[in-house]
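One letter stands for each residue in the lines below.
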Amino acid sequence: TDVDAIRNFCIIAHIDHGKSTLADRLLEVTGTLGHNQKNAQVLDDMDLERERGITIKSHAIQMHYPGADGRGYVLNLIDTPGHVDFSYEVSRSLAACEGALLVVDATQGVEAQTIANLYLAVEAGLEIIPVINKIDLPSSDVEGVSRQIMDLIGNEQEEIIQVSAKAGIGIDELLEAIIHRVPAPADYREQPLRALIFDSVFDAYRGAVVYLRIVEGRLRKGDRVRFFANNKVFVADEIGTMGMKRQPCDLLEAGNVGYLICSIKDVKDAKVGDTVTLADTPAHERLAGYQDVKPMVFSGLYPVNSDEFEDLRESLEKLSLNDASLVYTPETSAALGFGFRCGFLGLLHMEIIQERLEREYHVQIITTVPNVEYRVLRSNGETVLVDNPSKMPESAVIAHVEEPYVKVQIITLAEYIGNIMKLSMERRGEYKNTDYLDTLRVCIHFEFPLAEIVFDFHDRLKSVSKGYASMDYEYIGYRQSDLVKLDVLLNGEPVDALSTIVHRSKAYEWGRKLCQKLKGIIPKQMYEVAIQAAIGSRVISRETVSAMRKNVLAKCYGGDISRKRKLLEKQKEGKKRMKQVGRVEVPQEAFLAILNID
Ligand code: GDP
Ligand code: MG
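In this report, the structure presented in the accompanying data block is examined. Values in this document were obtained by computation on a predicted structure and should not be read as measured data.

Analysis parameters
Residues numbered from 1 in each chain as written. Chains lettered and ligands numbered in written order. Predicted model: local features only at pLDDT ≥ 70, side-chain atom pairs only at ≥ 80, totals over all residues. Heavy atoms only, no water. Near = heavy atom within 4 Å. Polar contact = N/O pair within 3.5 Å; in protein donor to acceptor, adjacent residues only side chain to side chain. Areas by Shrake-Rupley, 256 points an atom, 1.4 Å probe, with all protein chains shown as cover. Helix = DSSP H or I, 4+ residues; strand = E, 2+ residues; numbered from the N terminus. Nonpolar A, V, L, I, M, F, W, Y, C, P; charged D, E, K, R; others polar. Axes fitted to C-alpha atoms, helices over the stretch in contact; angles between N-to-C directions. Parallel < 35°, antiparallel > 145°, perpendicular 65-115°, else oblique. Left-handed = near helix turned anticlockwise from the far one by under 90°. Contact = heavy atoms within 4.5 Å. Salt bridge = Lys/Arg side-chain N within 4 Å of Asp/Glu carboxyl O. Buried < 20%, exposed > 50% of the residue type's maximum accessible area, 1.4 Å probe, protein only. Disulfide = S-S within 2.5 Å. Core = buried A, V, L, I, M, F, W, Y, C linked by side-chain atoms within 4.5 Å. Phe/Tyr/Trp six-rings, centres within 6.5 Å; stacked < 30°, edge-to-face > 60°. Lys NZ or Arg CZ within 6 Å of the ring centre and 35° of its normal. Pairing = 2+ DSSP bridges. Patch = residues over 30% accessible without salt bridge, like charges linked within 9 Å, V, L, I, M, F, W, Y side chains within 5 Å. Lys, Arg positive; Asp, Glu negative; His and termini not counted. Charge placed at Lys NZ, Arg CZ, Asp CG, Glu CD.

1. Quick notes on the site of ligand 1
Near ligand 1 there are 17 residues, and of these Asp16, Lys19, Ser20, Thr21 and Asp136 occur at the shortest range. With respect to ligand 1, the side chain of Lys134 contributes an N or O atom lying 2.9 Å from an oxygen atom. Summarising the interface, the protein chains cover 80% of the accessible area of ligand 1, which totals 580 Å² for the free molecule. With three residues, helix H1 (residues 19-29) is the largest single contributor of residues to the shell around ligand 1. By residue class, the composition of the shell around ligand 1 is three nonpolar, nine polar and five charged.

2. Here we look at the packing of helix H9 (residues 417-426) against helix H11 (residues 457-464)
Packed helices, taken two at a time, are described by the angle their axes make and the gap between the axes. Packing of H9 against H11 leaves a shortest axis separation of 9 Å and a crossing angle of 155°. By the criterion of interaxial angle, the relationship of H9 to H11 is roughly antiparallel. Crossing of H9 against H11: the hand is right-handed. Residue-level inspection shows Asn419, Ile420, Leu423 and Glu426 of H9 in contact with H11, the latter providing Phe457, Arg460, Leu461 and Val464. Along the lines of polarity and charge, the residues of the contact of H9 with H11 split into five nonpolar, one polar and two charged.

3. So, the pattern of salt bridges
Side chains that carry opposite charge are capable of pairing whenever their charged atoms lie near each other. Scanning the model with the defined rule gives 38 salt bridges in all. With a shortest N-O distance of 2.7 Å, Arg218 and Glu253 are connected by a salt bridge. Within this pair, whereas Arg218 is found in strand S9 (residues 218-220), its partner Glu253 is found in strand S14 (residues 251-253), the two being separated by 35 residues in sequence. Using a relative accessible area of 22% as the deciding quantity, one classes Arg218 as partly exposed. Judged by relative accessible area, which is 18%, Glu253 ranks as buried. Overlapping salt bridges, with partners in common, bring together Asp187, Arg189, Glu190, Arg218 and Glu253 in one network.

4. Points about the state of the cysteines
For the structure shown, the criterion picks out zero disulfides. Just so you know, Cys10 is unpaired, no disulfide at all, and the nearest cysteine sulfur is the one on Cys97, 3.9 Å from it.

5. Quick word on the nonpolar core
Ranked by internal contacts, the top residues of the largest apolar core, which has 50 residues, are Val408, Ile410, Ile420 and Ile453. The leading source of residues in this core is strand S23 (residues 398-413), at six residues. Sequence-distant contacts of Val408, defined by excluding residues within four places in its chain, comprise Ile444, His445, Phe446, Phe448, Ile453, Met471, Asp472 and Tyr473. Ranked by size, the runner-up nonpolar core spans 37 residues in total, among them Ala96, Cys97, Leu126 and Phe198.

6. Thoughts on the packing of aromatic side chains
One pass over the full model with this rule turns up nine aromatic pairs. For the ring pair Phe446 and Phe448, a centre distance of 5.5 Å and an interplane angle of 50° mean the geometry is tilted. With respect to class, Phe446 is no different from Phe448; both count as buried. Here a set of aromatic residues connected by ring pairs shows up, and it is made of Phe309, Tyr328, Phe338 and Phe340. Sitting over the face of the ring of Phe228, Arg226 holds its NZ or CZ atom 5.1 Å from the ring centroid. The side chain of Arg479 reaches across the aromatic face of Tyr405, ending 4.5 Å from its centre.

7. Some points on the pairing of strand S13 (residues 246-249)
Relative to S13, strand S12 (residues 238-242) runs antiparallel, the two being bridged by four bridges. Bridge pairing in S13 links Thr241 to Gln247. If you look at the hairpin formed by S12 and S13, you'll find three residues sitting between the two strands.

8. Digging into the packing of H1 against helix H6 (residues 171-181)
Orientation of H1 relative to H6, taken along the N-to-C sense of each, is 85°, at an axis distance of 11 Å. One way to sum up the angle between H1 and H6 is to call them roughly perpendicular. In contact with Leu22, Arg25, Leu26 and Val29 of H1, H6 contributes Ile171, Asp172, Leu174 and Leu175. Looking at side-chain class alone, the contact of H1 with H6 contains six nonpolar, no polar and two charged residues.

9. Here we look at a negative patch on the surface
Together, Glu127, Glu156, Glu158 and Glu159 make up a negatively charged patch on the protein surface. Here Glu156 lies in the loop between helix H5 (142-153) and strand S6 (161-162).

10. Overview of the sheet that holds strand S2 (residues 60-66)
With mixed pairing, six strands are arranged side by side in an open sheet as S2-S3-S1-S4-S5-S6. Because the sheet does not close on itself, it has two edges, and the strands there are S2 and S6. Relative to strand S3 (residues 72-78), strand S1 (residues 6-13) runs parallel, the two being bridged by five bridges. Following the sheet pairing, Arg7 is matched in S3 by Leu75.

11. Focus on the sheet that holds strand S8 (residues 207-216)
Pairing within the open sheet is antiparallel, and its eight strands lie in the order S11-S10-S16-S7-S8-S15-S12-S13. The sheet is open, and its two edges are formed by strand S11 (233-235) and S13, each paired on a single side. Going from strand to strand, the sheet's axes swing by 40° on average, the running direction of each strand aside.

Structure, rendered in structure tokens:
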């Protein structure tokens, strides 16, 4: 193919605005989909993704499109993950494109991830084609949404394409816009090979399948290739492009997108963002923008039955083959036994891993409350990273503690500003400023400690705004905070898996509520159980579970909609999952009790 007949583009949108539906429609209209494949959302190939309506892993699909000008075009649609947890992967997928379709739901308007993704696309220098979707719906407000888009990107009304991905309206016009407005790739075929890895997946038979954009040079079947991140050399056993299946070929040239299979046994050797070159005639520098992704949220995962520890290890190993961002190290807890401390990119990532472990690998697990990673400066000048609250050093040897902060943007209707301000104050948020998007909608900017928004902030936000708020966050660095470790003791024995790190100003209230909550969860036993919360050696709160007289059923929760509720319900299913902690029987839901505190 001629380089100037290639168009590389992606679709960016807020969740549920129709990205997958539009992608499927494009595949159908260009004849890429066989007829029997209609209706299945083909780009989302994992069940879990389909259920959640979130594209977790990016892929690339090649389409052939005969333009109205009579010329044949090759369109490479690069799918991007849509969630903030995966924003580095989003930015790598964008770097493989020249253009982006910015899809906005005509009934919803611009939302937080619309803006966050747009910024990433603009940063990547992409040509933006604004698209208003769902114009078939009676409640669509094409005019209002057009205005929002024009305010946002400063384009002309005529540049906005109106479509219904579902009803198939406006798709031809959109395809013409793609070939006329998205620039062809620059012709760098004569340079040494540099290819950007924007995704890699694990295939049980072939090893890692590496998706790449050939930015410069040529890649031929049989070439010896080198990966910059680790300097490892492999032979390109198979290269090709992606249709509905892999289509092997002998040559991939600059400007094109394709895959590479070279017997890589571990996806960690083919990291998203890395550059591939030729071993014999290498380029000297890797492509810009590579970043080793770091986990932001940590949690302990323990098998319910301690003899399933090896099964859990094997399952984590398999999962991490497909997910270079999942990290785990063995740890032991006095309360829970042998398990793993796992690091995730964010809360969504954590939930996905937990669900897959239970669903695909059938390992019953107990999870501890998620926490962020703290940076502790000891009085002796040494800095340590603490990813498990029970490992926090004694306060006597601490000079200060730092915690990760994030920049948060919330888009909502002006009438909910008050509620959101109140919520953010409860969560130690620092208000920055407010932009009016139009007369009704605002974008409020805050800075928050990541720990304060990590578990249920999003759900609380939805409930105080009756669903009319969307948010997005971005990591901005560590800041010093007055944090203390809060321990829980059962009959005088500290339970390491229940330790948390909280801001000093909240410690008393937190301790009291946690003890009350645990009292409701821990069933009566043959003897009295004392539940205490303590900071260091100072007990700040106490509750008592009296000795058993007759059978008492564990209490039910009140509580709110949501992710938090889902976590808790999952734990409820496993009420039988009791752990013997010292002489006390503790249901596993106790280990998540803190999630249920408001
Ligand atoms: P994504 O999260 O951006 O990938 O969104 P999806 O493609 O999964 O679409 C979200 C929901 O909107 C689904 O229920 C779709 O059927 C629906 N949808 C998508 N496009 C249209 C459209 O043009 N018209 C209507 N009425 N519904 C649509
Ligand atoms: Mg989707």
